[in-house]
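Structure assessment
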Amino acid sequence: DAGVTQSPTHLIKTRGQQVTLRCSPISGHKSVSWYQQVLGQGPQFIFQYYEKEERGRGNFPDRFSARQFPNYSSELNVNALLLGDSALYLCASSLTLDRVARAEAFFGQGTRLTVV
Amino acid sequence: EDQVTQSPEALRLQEGESSSLNCSYTVSGLRGLFWYRQDPGKGPEFLFTLYSAGEEKEKERLKATLTKKESFLHITAPKPEDSATYLCAVNENTDKLIFGTGTRLQVFP
């Protein structure tokens, strides 16, 4: 069975540019979350989507946005890139919302974004 | 503010030398505590979920335990392939996972 897949695996962008990262959840999973992991730190929560609706937002600026499609895949968009946006961006999928029923989150391999 | 603290930051073990990693947390209402393994440049790999104090789970050389304020990940007779960063995360009444900064484990032959 395919796990969580993310694309691209690596990306280099220039300051001020915009970037779109993509995520396909595990088949049957309806919840997708996005995390940012800076080197040497634990992942930080950015967004959660469930059934195409935003269900949670972390402490990130409005330059960060996301959406979920009818097939439950998701995109994370970051505008006006800053050097500090360089990080590993992780997508996690879970069967449902944990507040509804216990549901573990499974992570993809991540997209390594470098802003120069 | 909700916090997750992991210790030690780094741990070097000889192959076969058992040890424990600690995860302490302060959340108003714990719903679940999660352990993940992360290899360099990769996404976290799910290991365990613990939901209530006193719960224990095992997988090969790993055993996770939970009390009301902390969790331990016990590694018995580790092998070099157990070398990785081990992340602990909690959630309360939301679906947001709050992660610690991890413990970097190195096991030498």
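Structure report, in brief. (Residues numbered from 1 in each chain as written. Chains lettered and ligands numbered in written order. Predicted model: local features only at pLDDT ≥ 70, side-chain atom pairs only at ≥ 80, totals over all residues. Heavy atoms only, no water.)

The next subject is the nonpolar core. In terms of nonpolar packing, the biggest core is built from 24 residues, with Leu33(B), Trp35(B), Leu73(B) and Tyr86(B) touching the most fellow members. Contributing elements (two or more residues each) for this core: strand 2 (10–14), strand 3 (19–26), strand 4 (32–38), strand 5 (45–50), strand 7 (62–66), strand 8 (70–75), strand 9 (84–91) and strand 11 (103–108) of chain B. Looking at this core, the element that brings in the most residues is strand 9 of chain B, giving four residues. Within the second largest apolar cluster, 21 residues are counted, among which are Val32(A), Phe64(A), Ala87(A) and Leu113(A). (Core = buried A, V, L, I, M, F, W, Y, C linked by side-chain atoms within 4.5 Å. Buried < 20%, exposed > 50% of the residue type's maximum accessible area, 1.4 Å probe, protein only. Helix = DSSP H or I, 4+ residues; strand = E, 2+ residues; numbered from the N terminus.)

Moving on: the pairing of strand 6 (residues 56–59) of chain B. All names here are of chain B. Pairing geometry for strand 6 and strand 7, over four bridges, is antiparallel. Following the sheet pairing, Glu56 is matched in strand 7 by Thr65. The antiparallel hairpin formed by strand 6 and strand 7 contains two residues in its connecting segment, where Glu60 sits at a positive phi of about 55 degrees. (Pairing = 2+ DSSP bridges.)

Residue and element names in this part refer to chain A. Strand order in the open sheet made by the four strands is 1-3-8-7, with antiparallel pairing throughout. Every other strand in the sheet has two partners, leaving strand 1 (5–7) and strand 7 (64–68) as the edge strands with one partner each. Along the sheet, successive strands turn relative to each other by an average axial angle of 15 degrees, direction set aside. In this sheet, strand 8 (residues 74–78) lies alongside strand 7 in antiparallel orientation, the contact comprising five bridges. Directly across from Phe64, in strand 8, lies its bridge partner Val78. (Axes fitted to C-alpha atoms, helices over the stretch in contact; angles between N-to-C directions.)

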